[in-house]
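# Chains, contacts and geometry: an overview
The residues making up each chain are set out below.
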Amino acid sequence: RPCSFLRFFEVMHAGRAMVLRSSVMLACCSAWASGALRDLGQLLPSGGVLKINLSSVPFGSFGFNTFGINGQVPGPSVRVKAGEVVKLELANGLSASDGIPCTEALSFCDCMYTNVHLHGLHLSSKGVYDGLAFDGDDITVRLSAGDTVMYQHTIPDSHMPGTHWYHPHHHHATALQAGGGAAGFFIVEDPPGYLPKEYMDMPELHWFISTHNLDALQQMADQAKTTTLRNAATIAAEKGLSVNPTLVNGEMMPTADLPSNTWHRVRIVFASIEQSLRLVVDSSSGGTCTLRLLAKDGIYLDTIPRDISAIYLFPGARADIAWSCTCATYPCTAVVKSIPVAGGGGGNGNGNGGANGGGLAAIGNVDLTESDIMTLNIVDGGVATPAELPVFSPARPCYLADVRQVSVAGSGALGLQTGQGTFKVTWDGEGQSMTEANIHASGGDMRKWPAMVSWFTGSVYEVEVAGINAHPLHFHVNPFQIVGMPLESYGDGYFKVGDFHDTLLLTDVTGADRVKIRMNADRFTGQMFVHCHILAHEDMGMMNLIDLVGTEGSTFSDASTCFNAAFDPATDKGTSFPQVVASHAKKVAHAAPLFFALLVAVAAGSCSDTRR
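No experiment lies behind these values; they were computed from the predicted model shown.

## Here we look at the overall build of the protein chain
Per the secondary structure count, the protein chain includes 7 helices and 39 strands. Counting across all 612 residues of the protein chain, residues that qualify as buried make up 60%. Considering only intrachain contacts with a sequence separation of at least 6, the fraction spanning at least 24 residues in the protein chain is 79%. As presented, the protein chain carries roughly 20,900 Å² of accessible surface, and 52% of it is formed by carbon and sulfur atoms.

## Observations concerning the environment of T555
Checked against the element boundaries, T555 lands in the loop between β38 (543-549) and β39 (575-581). As for T555 and D522, which are separated by 33 residues in sequence, their C-alpha atoms are 5.3 Å apart. Residue contacts for T555: discarding those within four places in its chain leaves G458, D522 and N564.

## Examining the side chain of R318
Checked against the element boundaries, R318 lands in strand β21 (residues 318-327). A polar atom in the side chain of R318 sits 3.4 Å from the side chain of H119. Polar contacts involving the side chain of R318 include one to the side chain of H164, which spans 2.9 Å.

## Some thoughts on the nonpolar core
In a soluble, globular protein the nonpolar side chains are often hidden away together inside. Counting residues in hydrophobic clusters, the biggest one holds 146 residues, and the most contacted among them are W207, I311, W323 and L414. With sequence-adjacent residues up to four places away left out, I311 is seen in contact with I268, L277, R278, L279, L291, A319, I321, W323 and Y494.

## Describing the pairing of β38
Burial analysis of β38 places 5 of its 7 residues in the buried class, which makes it a mostly covered element. The pairing of strand β28 (residues 454-456) with β38 spans 3 bridges and is classified as parallel. By the bridge assignment, F456 is partnered in β38 with V549. With 6 bridges connecting them, strand β37 (residues 526-532) and β38 associate as antiparallel partners.

## Regarding the sheet that holds strand β10 (residues 184-188)
Two orientations exist for strands paired in a sheet by backbone hydrogen bonds: parallel and antiparallel. With mixed pairing, the 4 strands of this open sheet are ordered in space as β5-β10-β9-β7. Looking at which strands have only one partner, the edges of the open sheet turn out to be β5 (78-80) and β7 (117-119). In this sheet, neighbouring strand axes are inclined to one another by 25° on average, regardless of whether the strands run parallel or antiparallel. Here strand β9 (residues 162-167) runs beside β10; their pairing, made up of 5 bridges, is antiparallel. Bridged to W165 within β10 is F185.

## Looking at the sheet that holds strand β36 (residues 515-521)
One open sheet accounts for 6 strands, arranged β27-β26-β29-β36-β31-β34; its pairing is mixed. Single-partner strands in this sheet number two, and they are β27 (422-427) and β34 (500-501). Relative to β34, strand β31 (residues 480-484) is paired through 2 bridges, and the arrangement is antiparallel. Counterpart to Q481 in the pairing with β34 is F500.

## Quick notes on the pairing of strand β14 (residues 255-259)
Of the two faces of β14, the one lined by A256 and L258 is fully buried and the one lined by T255, D257 and P259 carries no buried residue. Here 5 bridges tie β14 to strand β24 (residues 371-379), and the two strands are oriented parallel to one another. Paired with T255 across the bridge in β24 is T375.

## Notes on unusual backbone geometry
In this structure, the amide linkage connecting V73 to the following residue, P74, adopts the cis form with an omega of -10°. Within the secondary structure layout, P74 lies in the loop between β4 (65-69) and β5. Backbone geometry at V477 places phi at a positive 70°, although glycine is not the residue there. Residue placement: V477 occurs in the loop between β30 (473-475) and β31. The exposure class of V477 is buried, given its relative accessible area of 7%.

## Side note on the packing of aromatic side chains
According to the stated counting rule, one finds 16 aromatic pairs in the structure shown. Pairing F185 with F208 gives two aromatic rings, centres 5.8 Å apart and planes at 80°, and the pair type is edge-to-face. In this pair, F185 sits in strand β10 while F208 sits in strand β11 (residues 204-211), placing the two residues 23 residues apart along the sequence. Classification of F185 as buried rests on a relative accessible area of 0%. Residue F208 is classed as buried on the basis of its relative accessible area, which comes to 3%. Summarising the aromatic geometry, the rings of F475 and F480 are spaced 5.7 Å apart at their centres and angled 70° between planes, so their arrangement reads as edge-to-face. Both residues of the pair, F475 and F480, count as buried. Through a chain of ring-to-ring contacts, three or more aromatic side chains come together here, namely Y194, Y300, F563 and F567. Sitting over the ring of Y113, R142 keeps its end group 3.7 Å from the ring centre.

## Regarding the pattern of salt bridges
Evaluated as defined, the whole model comprises 22 salt bridges. A salt bridge links R267 to E204, with the shortest nitrogen-to-oxygen separation between them at 3.1 Å. Placement of R267 in strand β15 (residues 264-271) and of E204 in strand β11 is noted, with a sequence separation of 63 residues between them. When its relative accessible area of 31% is taken as the criterion, E204 is described as partly exposed. Ionic pairing is found between D522 and R523, a salt bridge with its closest N-O pair at 3.2 Å. Overall, the relative accessible area of 1% leaves D522 in the buried class. Given the relative accessible area of 17%, R523 is considered buried.

Analysis parameters
Residues numbered from 1 in each chain as written. Predicted model: local features only at pLDDT ≥ 70, side-chain atom pairs only at ≥ 80, totals over all residues. Heavy atoms only, no water. Helix = DSSP H or I, 4+ residues; strand = E, 2+ residues; numbered from the N terminus. Buried < 20%, exposed > 50% of the residue type's maximum accessible area, 1.4 Å probe, protein only. Contact = heavy atoms within 4.5 Å. Areas by Shrake-Rupley, 256 points an atom, 1.4 Å probe, with all protein chains shown as cover. Polar contact = N/O pair within 3.5 Å; in protein donor to acceptor, adjacent residues only side chain to side chain. Core = buried A, V, L, I, M, F, W, Y, C linked by side-chain atoms within 4.5 Å. Pairing = 2+ DSSP bridges. Axes fitted to C-alpha atoms, helices over the stretch in contact; angles between N-to-C directions. Phe/Tyr/Trp six-rings, centres within 6.5 Å; stacked < 30°, edge-to-face > 60°. Lys NZ or Arg CZ within 6 Å of the ring centre and 35° of its normal. Salt bridge = Lys/Arg side-chain N within 4 Å of Asp/Glu carboxyl O.

In structure tokens, the structure reads:
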């Protein structure tokens, strides 16, 4: 289709009043050609070093520039293995004069500085400031325009394989740079023998989905006094283009060819300043697709696959999906689209924030509604039915062991709070907004920011979270496990008690509800940042940190049925079950008494393949 109608919502806050306006705009594809899904390419090391350059690049053919990596939006993909030492050189290709330094009155500033964060990886946050030769996953690094910095990351031997991503994370410039498009896949590969052959042999598809609220980006760029994105919405509107485009691998409404009845592993990263998507497949054009969830946030489910009806995406979320499509008559098409998130999901939670420093309106979660994302062209794959997928529990590294029944070293309440223009993360009701004014009052350096609480490495802690209905909660360094929700599951089973995440938004709970999570503070000491992944909220102060103390390398001694060294297929076998998830005609929920009986047996301790 040469052009398509995109319906989008713009949310504007004025004090406590929220005005919701629905618009329909003709998005002409001459600005961003609709064609075959683009291969992002793989970033290969040069002299043993991965080299990335963050600079100002064209936003398609819209007529303005955005932030990109190695000349493209999104950047090239990175693939690594557990146990690998990854050397990464970041070059700041921005102009030193394109932007203004932060003052106490600003929330969006310093956009001529940058750094890079490996979102979702289980890594140390320590670096040169801590006396090391290279920087680790330290978001306090401040790289000036024209300079380079060398990062060195040792991926733990026992790191779970999964889908992660990299993006800049310089405070007060994160929303502009990452929300503008400077990001890319960072994949930890499956070691040989980690999954059954049916999963290991799936061809991979990589979908980096991003939404770009040009109105919000323009407002932030105007405050930051950068020419990059400064007139983005104005230019787009003048050309009759969407001011809220959704891209897949940097393209609007691309097409992807899929052979029928063939399982593909679709790796999805979702990047957005503040919007959320609920992806479904529109079968009105003849193509029908079956989706099975394998992993969220780069962490395999306890048992795969899981039958799902939609894919829930919010800023920072990832999903790995087993995906198979078929036609009644070949060829046919199916459209991947976003529909409103059940349960709403709008607003700021705990009260709507008013204007902050510089007069920028607060930004809440916005759901794209009835928006086409991409078209799947389904061709005859020469297969009558898709292969049966074995029900399987992958072997788990000990930092991802089930901690629902263990003793915890401590607990507390974490709040994602807004109100009266303030955005903050609190611990047991105490905590400051990480604004530039408060950073200055704490010594003028984020490294000197006082921790909310200290946790000992090698221990498990329980956290009761408020505000997760409206603010995607993200922890650096360590993932967490859901151990308690008002209901056992949400999103038609997409979210369940026992699942692991590093970023979580639950729009179906209320602002008064509390969600309990537990974290195994594994191995690493140092600063562990926690923040709302609505990137504008983070830049406006909704970030804080926990100090991880104790002995570097300490692990939780009571973790069981897990491995703490490199995965060994001879000893670290997962658990297979006789019951299978099969074709489009079968549903796992309809016939699984034996499967559940085996699950009970495993829970009782029949699985003895533990190697710690």
